[in-house]
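What the coordinates show
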Amino acid sequence: MDICGYARKNDKEQGEFVELKECSIVCSLNEIDTIIDFLNHVRETHDAAGYCHSHYQDWVKCSGIDLSEPVLSDLIVITNIDKA
């Protein structure tokens, strides 16, 4: 597993893709449940594709989930079944 992110100065800049040594997710217990639902969705949909990526922000919008706090950060899951 690799954890990567974008180092950027503002939201308009593409930024540099860098490998992170550690990351923190600051959220409520309800948000953890939502993240687990998202990861289960990733497992189900990516398994058939072999290689795919999904954005948490997009999934929340498409699922019609009403979160108490806005999603400010995106979690992008990229799977490569052949690499596993």
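Only a predicted model underlies this, so the values are computations on that prediction, with no experimental measurement involved. (Residues numbered from 1 in each chain as written. Predicted model: local features only at pLDDT ≥ 70, side-chain atom pairs only at ≥ 80, totals over all residues. Heavy atoms only, no water.)

Regarding the environment of His 46
How we decide: Put simply, DSSP marks the helices as runs of H or I at least four residues long and the strands as runs of E at least two long, and each gets a number from the N terminus on.
If you trace the backbone, His 46 turns up in helix H1 (residues 29-49). In sequence terms His 46 and Asn 80 are 34 residues apart; their C-alpha atoms lie 8.6 Å from each other.

Thoughts on helix H2 (residues 56-63)
What counts is decided by this rule: Only protein chains enter the accessibility calculation, which uses a 1.4 Å probe; a residue is then buried when its area is under 20% of its type maximum, exposed when over 50%, and partly exposed in between. Here the arc refers to the directions that run from the helix axis out to each C-beta atom.
Here H2 has its buried residues at Tyr 56, Trp 59 and Val 60. Along H2, the residues classed as buried sweep out an arc of 100 degrees about the axis, all on the same side. Of the exposed residues in H2, the ones pointing more than 90 degrees away from its buried face are Lys 61 and Cys 62. Once H2 finishes, Gly 64 follows within two positions and takes phi at roughly 70 degrees, a positive value.

Considering the environment of Val 18
Summarising the element assignment, Val 18 is placed in strand S2 (residues 16-19). By relative accessible area, Val 18 is classed as partly exposed at 25%. Spatially, the C-alpha atoms of Val 18 and Ile 3 are 8.7 Å apart, while their sequence positions differ by 15 residues.

A word on the packing of aromatic side chains
Definition in use: For this analysis, a ring pair means two rings from Phe, Tyr or Trp (six-membered ring only for Trp) whose centres lie within 6.5 Å, classed as stacked if their planes differ by under 30 degrees, edge-to-face if by over 60, and tilted for the remaining angles.
Inspection of every chain in the model, using the stated rule, returns three aromatic pairs. A ring pair is formed by Phe 38 and Trp 59, whose centres lie 5.5 Å apart and whose planes are at 55 degrees; its orientation type is tilted. Of this pair, Phe 38 sits in helix H1 while Trp 59 is found in helix H2, placing the two residues 21 residues apart along the sequence. By relative accessible area, Phe 38 is classed as buried at 0%.

Thoughts on the environment of Gln 57
With respect to the helices, strands and loops of the structure, Gln 57 is situated in helix H2. C-alpha separation for the pair Gln 57 and Ser 73, spaced 16 residues apart in sequence, amounts to 7.8 Å.

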